[in-house]
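# Structural description and commentary
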Amino acid sequence: TASYEMIKTEKRGDKQNVALITLNRPKALNALCDKLVSELSQAVECYDKDESVGAIIVTGSEKAFAAGADIKEMLNQTYSKNVKEGLLEAWDKITKCKKPVIAAVNGYALGGGCELAMMCDIIYAGDRAKFGQPEVTIGTIPGAGGTQRIARSCGKSKAMEICLTGNQITALEAENMGLVSKVIPADKLVDEAIKLGEKIASHSPLIIQMCKESVNVAFESSLQEGLRFEKRAFYATFATDDRKEGMTAFTEKRAPNFKNN
Ligand code: CAA
């Protein structure tokens, strides 16, 4: 297995089927420098291909999920270098993962940290987590999806307020806005995220992949187009063995035995 400098990786859960990726650059509060992002996307890609894994969790420390893109790395960037090198473009790789990715956010999720959390499929927050897009306070704007993903998940007024003020919002506020799906005591957060991952991993990975893909279409299309996509994907589940097994198990009053086929 690959050896990483800025992240830790392990398999967790009773069946060792939940991958846990821990951002581990404590001196910089997990600021997302190129190396960290490249290790993170490499790990996500690896686990996406690993058939024993049913869900992937990304977490940080109790102090910081991630305090943003690395400001020191960006300090001397220029417009033309951004265009030529595609500044922050590599982050998108995380969104290409076919398996569910859960962000377990303790502490600061600011700027790129908040954006990374929003690239994940589900966000669980520790009760002392702080979210925000402080880019305007350093003379720039969110550049990894902040202005778009907050607007889509929480609406215009919240997106404008968060992006235009740079203010931090609490875990509870984030939950009320619909940015996070659950708030959990900080020391229980990762365990709860693992339980969530185990629940998801108990289903057919193939069907879970189709389901994730279908929900994602909701953020990229009109309702009619999305409904059409969903219907096709729903019909397509009938081409799988796992659909037959799931429905058969129900009628036979037993647990399904999914084969990922
Ligand atoms: N980039 C680089 N280094 C960072 C960093 C970042 N985003 N955030 C924190 N650090 C570093 C600090 O420079 C400091 O390093 P030194 O000890 O070498 O000085 C170390 O991490 C600890 O940070 P602080 O001393 O500041 O810790 P604190 O507890 O006093 O404050 C904080 C915590 C409020 C999160 C503060 O660190 C902070 O405001 N960080 C920057 C947040 C920010 O502006 N993020 C947006 C970045 S831009 C972006 O993300 C663009 C985009 O859209 C992708």
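The preceding data block contains the structure.
Reference entry: report on the structure contained in this document. (Residues numbered from 1 in each chain as written. Predicted model: local features only at pLDDT ≥ 70, side-chain atom pairs only at ≥ 80, totals over all residues.)

Regarding its fold elements, the chain presents 11 helices and 10 strands. Against the compact-globule benchmark of 18 Å for 261 residues, the chain has a radius of gyration of 19 Å, which places it among compact chains. Once the C-alpha set of the chain is aligned to its principal axes, its extents read approximately 60 × 45 × 40 Å. By sequence separation, contacts in the chain at least 24 residues apart represent 69% of the contacts at least 6 residues apart. (Helix = DSSP H or I, 4+ residues; strand = E, 2+ residues; numbered from the N terminus. Rg over C-alpha atoms; globule rule 2.2 N^0.38 Å. Contact = placed C-beta atoms within 7 Å.)

This paragraph deals with the site of the ligand. In the vicinity of the ligand, 22 residues are found, and the nearest of them are A31, A67, G68, G111 and G112. Elements with a contribution of two residues or more to the shell around the ligand: α2 (71–74), β6 (108–110) and α4 (112–119). Per-class residue counts for the shell around the ligand are 13 nonpolar, 5 polar and 4 charged. (Near = placed C-beta within 6 Å. Nonpolar A, V, L, I, M, F, W, Y, C, P; charged D, E, K, R; others polar.)

A pair of packed helices can be characterised by two numbers: the angle between their axes and the separation between those axes. Look at helix α5 (residues 146–154) against helix α6 (residues 156–165): their axes get within 7 Å of each other, and the N-to-C directions meet at 145°. In this structure, α5 meets α6 at a crossing whose hand is right-handed. Residues G146, T147, I150, A151 and C154 of α5 form the contact with α6, whose own contacting residues are K156, K158, A159, I162 and C163. (Axes fitted to C-alpha atoms, helices over the stretch in contact; angles between N-to-C directions. Left-handed = near helix turned anticlockwise from the far one by under 90°.)

This part is about the environment of A117. Checked against the element boundaries, A117 lands in helix α4. Along the chain, A117 and T9 lie 108 residues apart, while their C-alpha atoms are 17 Å from each other. If sequence neighbours within four positions are ignored, A117 has contacts with F65, A103, V105, A109 and I123.

These values are about where atoms sit, not about what they do.
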